[in-house]
Amino acid sequence: MKNNIDGFSKLTKEKKIDWIAATYFSEPEKATQLIKSYWNADAKLQQLHDDFIENTITNFYLPLGIAPNFLINGKYYTVPMAIEESSVVAAAAKSAKYWSERGGFKATVFNTEKIGQVHFMFNGNPEKLKTFFTEIKSKFFKDTEATTANMQKRGGGIVDIILVDKTAALENYYQLHATFQTKDSMGANFINSCLEQFAKTLKREAVAHAEFSSAEKDIEVIMSILSNYVQNCIVRVEVSCPIADLAEKNITNPREFAEKMLTAIRIAEVEPYRAVTHNKGIMNGIDAVVLATGNDFRAVEAGVHAYASKDGQYTSLSHAKIENDTFSYWMEVPLALGTVGGLTSLHPMVKLALEMLEKPSAQELMQIVAATGLAQNFAALRSLTTTGIQEGHMKMHLGNIINQFEATPQERTIIEQHFDTNAVSHAAVVTFIENLRK
Ligand code: MEV
């Protein structure tokens, strides 16, 4: 059976599945059945999901977990998290509860500016280009009025457009570098539509510009696209408390704990190998909420990691200090999020997640997402600097292995009781289950 195909996208969903089942599976019927078992029984709902992307054959589940008790700026939130990794939701919930008893998270949005660029090549006199740009700048705003009218009504729009000379980095390379405010929408479509119009305006006006030579009139637009590097779309989140208040069941020496946390963060600040993993833990929290609320986690990931290396070396996103016996711990992250438009109004689970968060504005969602990221980092560092992460992790992992073996409720009780006092490892659990079943 050949495993390449022409016109796959034109096939019906059934035919696509038939082809996949017949091409890749020794038991095509079984594969087909599995694929279809993930279809939603509600045909309308399934159609909605089919239409989100192309060549949809079925759905791919992620669990939606809940982390309650997030006290942020004096308000309690119950945070929805879509993630496959065990321990993450438990860790977020534990941190949220812990910090809610110590004043909660304080979060501030510094700015919500978005960026887009028209990248173009101009073979000519830079001074003439600058004069030309100044003369035609208002036309960029005028030509995009149809696109910006609605956004302006909501208080957003194009903030500014500047001409950037990048010829020192690449011959003939210039940019129109535009800044936007997109209020509660992430704004990708809005920004890209504006940029594509800027590109048309630029080319049209260059052709009509009497001062330009024919080579100068021939501006070559390479591409027009938003940037996910949103270093002016920043939220800061912080927790702090007197060192003595850090004490609880597993933190009997709060000063030693605070100092060890501080050192762990310093290590992530100076050591990129550690920083990447440290920040990965933060992204466990961030991505899970970003996903549950229908936002673009790839954009967030790209932007956050670029921000983590903005000073030339990849470093920790979170920081901490001890001052006057107070432990303070904070993080600043770029988060371009939306709570209207896109998937937020289409995906029923996204709508549910946003409703659970009491329909936050984009700025409020930035605060919630950042708090979840910091909570996650705190939980990871707390485990790493005290018990190690495997203890909690393997307990959660145990549940997954039990499910994998489709244990009966009676078996589950026996297994859980046994591993309450014995170390969990994949091999140990498998052996125990096998012995149990002998
Ligand atoms: C695992 O998903 C995340 C951690 O590795 C984060 C960290 O090391 O800080 C536990």
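Counting starts from 1 at the beginning of each chain's written sequence and moves along it residue by residue. Only residues with pLDDT of at least 70 get local features here, since the model is predicted, and only at 80 or more are side-chain atom pairs given and counted; chain-wide, interface and lining totals rely on the full set of residues. Note that water and hydrogens are dropped before the side-chain values are worked out from all heavy atoms of the structure.

1. Re the overall build of the chain
Looking only at helices and strands, one finds 16 helices and ten strands in the chain. Across the 438 residues in the chain, those meeting the buried criterion constitute 44%. Every residue pair with non-hydrogen atoms within 4.5 Å of one another is taken to be in contact. In the chain, once contacts between residues fewer than 6 apart in sequence are set aside, the share between residues at least 24 apart is 70%. Accessible surface, the chain as shown: approximately 22,500 Å² in total, 53% of it carbon and sulfur. In this count, Lys and Arg are taken as positive residues and Asp and Glu as negative ones, while His and the chain termini are left out. Lys charges are placed at NZ, Arg charges at CZ, Asp charges at CG and Glu charges at CD. In the chain, the 44 positive side-chain charges and the 50 negative ones have mean positions that sit 3 Å from each other. Per the convention used, a helix needs a DSSP run of H or I reaching at least four residues, while a strand needs a run of E reaching at least two, with both numbered from the N terminus. Only protein chains enter the calculation, and the probe is 1.4 Å; a residue is then buried if its accessible area is under 20% of its type maximum, exposed if over 50%, and partly exposed in between. What sets the accessible areas is the Shrake-Rupley method with a 1.4 Å probe; for residues, cover comes only from the shown protein chains.

2. What about the site of the ligand?
Being near a molecule or strand, for a residue, comes down to having at least one heavy atom within 4 Å of it. Surveying the vicinity of the ligand reveals the residues Glu 85, Arg 274, Thr 277, His 278, Lys 280, Gly 281, Asn 284, Ala 380 and Leu 384. The definition of a polar contact used here is a pair of N or O atoms within 3.5 Å, where within protein one atom must be able to donate a hydrogen and the other to accept one, and adjacent residues in sequence count solely through side-chain atom pairs. Side-chain polar atom of Asn 284 to an oxygen atom of the ligand: 2.9 Å apart, as the coordinates give it. Going through the elements one at a time, α10 (272–292) and α13 (362–385) are the ones with two or more residues in the shell around the ligand. At six residues, the largest contribution of residues to the shell around the ligand is made by α10. Residues belonging to the shell around the ligand are distributed by class as follows: two nonpolar, four polar and three charged. Amino acid classes used here: Ala, Val, Leu, Ile, Met, Phe, Trp, Tyr, Cys and Pro are nonpolar; Asp, Glu, Lys and Arg are charged; the rest, including Gly, are polar.

3. Regarding the pattern of salt bridges
Salt bridge, as applied in this entry: a Lys or Arg side-chain nitrogen positioned within 4 Å of an Asp or Glu carboxyl oxygen. Summed over all chains, the structure comprises 26 salt bridges. Residues Glu 259 and Arg 255 are paired through a salt bridge, measuring 3.6 Å at the closest nitrogen-oxygen approach. Placement of the pair is Glu 259 and Arg 255 together in helix α9 (residues 254–270), with a separation of four residues, close to one helical turn. A residue is classified by how much of its surface remains accessible, and Glu 259, at 38% relative accessible area, is partly exposed. Residue Arg 266 pairs with Glu 269 through a salt bridge whose shortest N-O separation is 3.1 Å.

4. Re the packing of helix α1 (residues 13–24) against helix α2 (residues 28–37)
Two numbers describe how α1 lies on α2: the axes approach to 8 Å, and their chain directions differ by 135 degrees. In terms of orientation, α1 and α2 fall into the oblique class. The handedness of the crossing between α1 and α2 is right-handed. The segment α1 lies against α2, with Glu 14, Ile 17, Ala 21 and Ala 22 engaging Pro 28, Ala 31, Thr 32, Ile 35 and Lys 36. Of the residues in the contact of α1 with α2, the class split is six nonpolar, one polar and two charged. Every angle, taken between N-to-C directions, lies between 0 and 180 degrees, and every axis is a line fitted to C-alpha atoms, over only the stretch in contact when it is a helix. Should an angle lie under 35 degrees it is considered roughly parallel, over 145 roughly antiparallel, and from 65 to 115 roughly perpendicular; all remaining angles are considered oblique. By convention, the crossing between two helices is left-handed when the near helix turns anticlockwise from the far helix through less than a right angle, and right-handed when the turn is clockwise.

Any functional reading would require information beyond the geometric quantities listed.
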